[in-house]
Amino acid sequence: MAGKKTKRILVVEDYPSLRDLYNFVLTRAGYLCDVANDGIEALQLTSKKKYDAILLDLLLQNVSGVEFLREYDAAGKHPDVKIIVISNVKHPSVVSEVESLGADAFYVKSTMTPDGLLKKMQELLKAE
Amino acid sequence: MMEYYDVSNIDANYDSLVSRANTYNKVRLYLIMALTVAGVALMFYSHASASLFIPLLALFGFTVATQLIFTWLIAFSRRHTLRRGFVNGVILFELISDVIIYSGAVFISGGSESQALVLYLLPIIIAGSLFNRSVAFFTTAITVILYMATIVAAQAHMYGDLPSAIQIGQAVFYCAVFFVFAYLADHLYALRQKREADLAQLEMVSLASHQLRTPATAVKGFLSLVLAGELGPLKLKQRDFLRRAYDENELELRLIDNILNVARIELKNLRAHIEDVDLTQLIEEVMGEHMQNIIDRDQAVEFKTSYPEKHIVIQADYQLIRMVIDNLISNASKYTPKKGKIIIILKRHKDTVELSVEDNGTGIARQDQKKLFRRFSRAINTNVDSTEGSGLGLYIMKEIIKLHNGKISLTSYKGVGSIFTVTLPRRSNG
């Protein structure tokens, strides 16, 4: 990692335990992590800081994950930011919608362990 | 008396009743507009007598006046959240006033010869499709009485005598038609009510399963971290207990999915979202997820494919097919003793693919095999606690495979083992 800038990741998850879990795993792996409780907090944070990757839940209070992607304009303005969507609702229509809005990957939360998610994140960030 | 005609018998929701009353009012408003245009056209383009002008005007005035009154009354009832009985009363008076209006139209346009009797169908259909059976049949009964009275009055007014037997017979036939329409509209209403109730139930199950799944996902995450030794080494017993907690949680996650899927199946709401599914990759992935359990149970697993040089891709619903494979492998492992072997074979045929999962486990007695694909049916398992599993897995699998126009079969011998074979079309026909 010497000479390399530490990657910054934003975790957007409204369920506190899962948020802490993802934050713990990613921070321990050496990433700089910020957390947001909903889409509004995520938009505020992304307007202030630049992130290398975003781990995004879909069913969020106030502004949903899909609305966040639209507002953030992940596909248009931030194509370099890697976005992993995690949700327990995996309908192909939702998957294709988030992909068209700039998401790089979609995983079903309940089938994914934190370590599995970390591996996917590392692969995605390495592929840059 | 009101109770018999009470539209609240079936509908539990006041707002829904008021909103349907408003829908009815809207329909009525459009109807008035259409009637006005028809009336004007009748005056100017037919040979209708100019003497029709005054009755038509009166009819139109009555319609507009009742429309204004009823619209106001419904709005008033909503503002003041009046009793449902009040709204029901307004609706019934509205329907009766409609029947009176159409009787007026029949009277001035020729009594038993009038084509305006078609208009009677409107309140009948509306009553049947928006409100319940009592309202539909009450409206129809009022219609029949007023129609009969109208043709008698029109005949007396025009010719000074009573309608002939033929005219009465014709009117009775029309009245029977009114009842048929009332029945059909009511039937549609009942179907719609059932569908709405089913969807509300499904939505509730769906919401509940999401709420249940989230904490279970968090438990899975925390346990998997500790089990992976990320927080320090574990003693053998600690690892064993945590592993069991992890397995129980996995079972709970599967149960939640199963309950949601059974609700979808029962309410005929299980739908396949067809996409390309790489079966070879999916099997490897699901196998990987079960590997820890297989190792813990000291079992061996082997995956063979008839087409090793390339992945086998089919058109199917990814999530649903994943569930089938997951269930097959999980069952095979559960019902296979220590040192047992599970063989997964994937074959590609011209139009189909065949996936078989073979184990040398306890096997299933012949008499139990047929029952196995029913709900809440479980094979007796000597390996594990008999309370494990919901008995829903195979039932759901069968329904998922049916949805994909595929087949599932079982070959099993007690004490020898079982082979579950799933055949799926390579291309979706849907």
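Please refer to the structure placed before this passage.
Each value, and the rule that gives it
- Residues numbered from 1 in each chain as written.
- Chains lettered and ligands numbered in written order.
- Predicted model: local features only at pLDDT ≥ 70, side-chain atom pairs only at ≥ 80, totals over all residues.
- Heavy atoms only, no water.
- Pairing = 2+ DSSP bridges.
- Helix = DSSP H or I, 4+ residues; strand = E, 2+ residues; numbered from the N terminus.
- Axes fitted to C-alpha atoms, helices over the stretch in contact; angles between N-to-C directions.
- Contact = heavy atoms within 4.5 Å.
- Salt bridge = Lys/Arg side-chain N within 4 Å of Asp/Glu carboxyl O.
- Patch = residues over 30% accessible without salt bridge, like charges linked within 9 Å, V, L, I, M, F, W, Y side chains within 5 Å.
- Areas by Shrake-Rupley, 256 points an atom, 1.4 Å probe, with all protein chains shown as cover.
- Buried area = accessible area lost by both parts, 1.4 Å probe.
- Polar contact = N/O pair within 3.5 Å; in protein donor to acceptor, adjacent residues only side chain to side chain.

Residue and element names in this part refer to chain B. Spatial ordering of the open sheet is given by β2-β4-β5-β7-β6, a layout of five strands whose pairing is mixed. The sheet is open, and its two borders are formed by β2 (300-305) and β6 (407-413), each paired with just one other strand. Taken over all neighbouring pairs, the strand axes of this sheet differ in orientation by 10 degrees on average, direction set aside. Bridge count between β2 and strand β4 (residues 341-348): six bridges; the pairing is parallel. Residue pairing in the sheet places valine 301 in a bridge with isoleucine 342 of β4. The sheet strands contacting helix α9 (residues 318-334) are β4, β5 (352-359) and β7 (417-425), and the helix crosses β5 at an angle near 20 degrees.

In this section: the pattern of salt bridges. All names here are of chain B. Here the structure, examined in full by the defined rule, presents 24 salt bridges over all chains. With its nearest N and O atoms 2.9 Å apart, the salt bridge here joins glutamate 285 to arginine 322. Separated by 37 residues along the polypeptide, glutamate 285 in helix α8 (residues 279-296) and arginine 322 in helix α9 bring together distant segments of the chain.

Our next topic: a nonpolar patch on the surface. On the surface, Leu29(B), Tyr30(B) and Met33(B) cluster together to form a nonpolar patch covering roughly 320 Å² of accessible area. When you line up the elements, Tyr30(B) lands in helix α1 (residues 14-45).

Take the environment of Val219(B) next. Looking at the element boundaries, Val219(B) is found in helix α6 (residues 165-227). On a C-alpha basis, the gap between Val219(B) and Glu250(B) in space is 9.5 Å, while along the polypeptide they are 31 residues apart.

The next subject is the interface of chain A and chain B. Tallying the contact residues gives 20 residues for chain A and 22 residues for chain B. Here chain A packs against chain B, burying approximately 1800 Å² in sum over the two surfaces, 65% of which is carbon and sulfur. Close ionic contact of Arg28(A) with Glu230(B) constitutes a salt bridge, the shortest N to O distance being 2.6 Å. Inspection of the chain A/chain B interface yields three residue pairs in polar contact (both at pLDDT 80 or more). For the side of chain A that touches chain B, the secondary structure elements donating two or more residues are α1 (16-28) and α5 (114-126) of chain A. Sorting elements by how many residues they give to the side of chain A that touches chain B places α1(A) first, with six residues.

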